[in-house]
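Chains, contacts and geometry: an overview
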Amino acid sequence: MQLQPIGRKKIRAINQNMLLNLIRMHAPISRTQLQKISGLSQGTVVSLITQLIERELVIETGMAASTGGRKAGLLELSPQGAYAIGVHLMEHHIIAALLNLQGEIHTIETIPLHLRDHGEEAVALIASCVEQFIAKSGIPRQKIIGLGCGISGPVNRLTGVSVDSWILNWHQISIRQPLSERLGIPIFVENAVNCLASYEKLYGRGETCSDFLVISLGRGLGLATVLNHGVYRGTKGIGAEFGHIPLFNNGRLCECGNQGCLEAYVADYGIVETYRELGGNIEPLQREQVDERIIDILYRRAQNGDAAAILAFHRTGRFLGLGIASLVNLYNPACIMIYGGAGHRIELMRNTMHATLEKHIFSQLGQGLTMHIDTDTNMDNWARGAGCLALQDFFAPTLFNERAL
C-alpha cells in the first residue's frame, strides 16, 4: 500500500478531532489545559476551538478559578451539537434510542415490529420505523451523524451483513448498504454484545480499562472481547463466539445446529431444559418462546423450595463458571461485566459460578480481576450501545476515518 502525503487540511482535521476527544474525556477543560495536553500552539487551539463552537459541537459552560490573570473559559461537548440513533433488533420489536454527544439518551421508544423470519423485508421495516422515530424526536435531520444497529449472532462489521442470527432466523441478510441508501445517513451494523462493549468503552466502566469482557445472559449467551482498547473480532470479523464453545461431546442440540454448545446449557432455554432433566414439570415450549416470564416462574419455584429448580440454577452457574474460567485463562482480562438480561436470575447461580471460576482459573490470572454483575439489565442499554457505534465512528481518529469532521 502506497502512503499518501497528509495535507494541511487533513492535519487540521486530525488536530480538531484530537481536541474534540480531549474535551470528551476531560471536560470541563480550558483552552490552556488543552494546549498543554495536546502539544499544539495556543493559536491553533484557539482557532480550532472557535470552529467547534461555531459548529455547536463544543460549548463554554463556566469559568476556571483565577490564577491571577484573566479567568479561562471551561469547555464541554454540546449536548445538542449532534445526535446518534441506536436500534436494538429483537424478534417482535425494536428499541430505538436517540443519543447526544455525551452518550445520554434524549429519546427512547419500543416499537412493535415482527423481524423474526422476515430478513428479506427487514430493511424496509426498519427504515420506516426509524423515519417515524426521527420525525417524532423533533431533531433536525442534519444533526444526526449516523445510526447503529445491534443484532444477535455473528455480524460482518465491514460489509454490514447479518451472517447468522438464529434468534431472528436471519442468514446472510445485508443491512448497512440498503438501509443507508434508504435513510441517507451512515449506518453501522454490529453484534449486539459488541454494541454494549462500545458503550462501556466510550462512557462506561471500560473507559480507562484496556482489556475487559462483556458477557450477556438471557435468550442467548453472548460475549464481547476488548483487547488493548479495541473489540476483538477475529479473521472473519465474527470471532469470540462464547456461546458456541463446546461443553459436552454429543450434548444438547444448539440453535446453531451443533451439539453440546455452552449456550444450550446457560441460555434461558438451557435452564428450562436442565429443570426438565431434573424432573421438573413445566409447560413444553419452543426455544424462541422461552422468555423472562418462564425464568421468573422457575425463580419463584426455587425460592419456594423446589429442589429441581434450585439445582437447575446451581448447575447453570457451574456451567457458566467453567466457561468464564476458560475466558480468563485465554485473555487475562482486568474486568468482566455480566449483563444479566431481563428476568435472568443470576443471583441464584452466583455462588456456584464463583466457586467454579476460582477452582479452574490458571495460576495467578485471577488476581486483581474485577467482576460487575447487572442482575436485571435495563434493555435500554442495548439500544444505547448500538447508538455508540455511530458515536465511536464520529470520535475516531480522522487519520483512520475518511469522514473528516
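Model, not experiment: these values are computed from the prediction.

Some details on the packing of aromatic side chains
Scanning all chains against the criterion turns up five aromatic pairs. When the centroid spacing of 5.8 Å and the interplanar angle of 85 degrees are considered together, the rings of Phe248 and Phe319 count as edge-to-face. Here the residue Phe248 occupies a position in the loop between β14 (230–231) and α7 (263–266), and Phe319 occupies one in helix α10 (residues 307–331), the gap between them amounting to 71 residues. Classification of Phe319 as buried rests on a relative accessible area of 8%. Here a set of aromatic residues connected by ring pairs shows up, and it is made of Phe248, Tyr265 and Phe319. Positioned above the aromatic ring of Phe395, the side-chain terminus of Arg24 is 5.1 Å from the ring centre. Taking the ring centre of Tyr299 as reference, the NZ or CZ of Arg345 above it sits at 4.8 Å.

So, the nonpolar core
Ranked by internal contacts, the top residues of the largest apolar core, which has 44 residues, are Ile215, Leu217, Phe242, Leu320, Ile324, Ile338 and Ile346. Contributions of two or more residues to this core are made by β12 (212–217), β13 (221–227), α7, α8 (268–277), α9 (292–303), α10, β15 (335–339) and α11 (350–360). Looking at this core element by element, the count peaks at 10 residues for α10.

Description of the sheet that holds strand β8 (residues 155–156)
In spatial order, the strands read β8-β9-β10; together these three strands make up an open sheet with antiparallel pairing. Each of the sheet's edge strands pairs with one partner strand only, and the pair in question is β8 and β10 (170–174). By the bridge criterion, four bridges tie strand β9 (residues 161–165) to β10 in an arrangement that is antiparallel. Across the sheet, Ser165 pairs through a bridge with Trp170, a residue of β10.

Some words on the sheet that holds β15
Here we have five strands laid out as an open sheet, ordered β14-β13-β12-β15-β16, and mixed in their pairing. The open sheet terminates on both sides in strands that have one partner only, identified here as β14 and β16 (370–374). The sheet contact formed by β13 and β14 spans two bridges and is antiparallel. Its bridge partner lying in β14, Leu227 is registered against Gly230. Across the sheet, α10 lies against β12, β13, β15 and β16, angled at about 160 degrees from β12, the strand it touches most. The strands touched by α11 are β15 and β16; relative to β16, the strand with the most contacts, the crossing angle is about 160 degrees.

Things to note about α11
Listed as buried for α11 are Met353, Thr356 and Leu357. Projected onto a plane normal to the axis of α11, the buried residues spread over an arc of 100 degrees and lie on a single side. Away from its buried face, by an angle of more than 90 degrees, α11 presents the exposed residues Asn351, Glu358 and Lys359. Residues of α11 that are buried make contact with α10, β15 and β16.

Brief notes about the packing of helix α4 (residues 122–137) against helix α5 (residues 176–183)
Their axes nearest at 10 Å, the elements α4 and α5 cross at an angle of 40 degrees. Regarding the angle of α4 to α5, the classification is oblique. The interaxial crossing formed by α4 with α5 has right-handed handedness. On α5, the residues that touch Val123, Ala124, Ile126, Ala127, Val130 and Glu131 of α4 are Pro178, Leu179, Arg182 and Leu183. Counted by class, the contact of α4 with α5 contains eight nonpolar, no polar and two charged residues.

Conventions and cut-offs
- Residues numbered from 1 in each chain as written.
- Predicted model: local features only at pLDDT ≥ 70, side-chain atom pairs only at ≥ 80, totals over all residues.
- Heavy atoms only, no water.
- Phe/Tyr/Trp six-rings, centres within 6.5 Å; stacked < 30°, edge-to-face > 60°.
- Helix = DSSP H or I, 4+ residues; strand = E, 2+ residues; numbered from the N terminus.
- Buried < 20%, exposed > 50% of the residue type's maximum accessible area, 1.4 Å probe, protein only.
- Lys NZ or Arg CZ within 6 Å of the ring centre and 35° of its normal.
- Core = buried A, V, L, I, M, F, W, Y, C linked by side-chain atoms within 4.5 Å.
- Pairing = 2+ DSSP bridges.
- Contact = heavy atoms within 4.5 Å.
- Axes fitted to C-alpha atoms, helices over the stretch in contact; angles between N-to-C directions.
- Arc of directions from axis to C-beta.
- Parallel < 35°, antiparallel > 145°, perpendicular 65-115°, else oblique.
- Left-handed = near helix turned anticlockwise from the far one by under 90°.
- Nonpolar A, V, L, I, M, F, W, Y, C, P; charged D, E, K, R; others polar.

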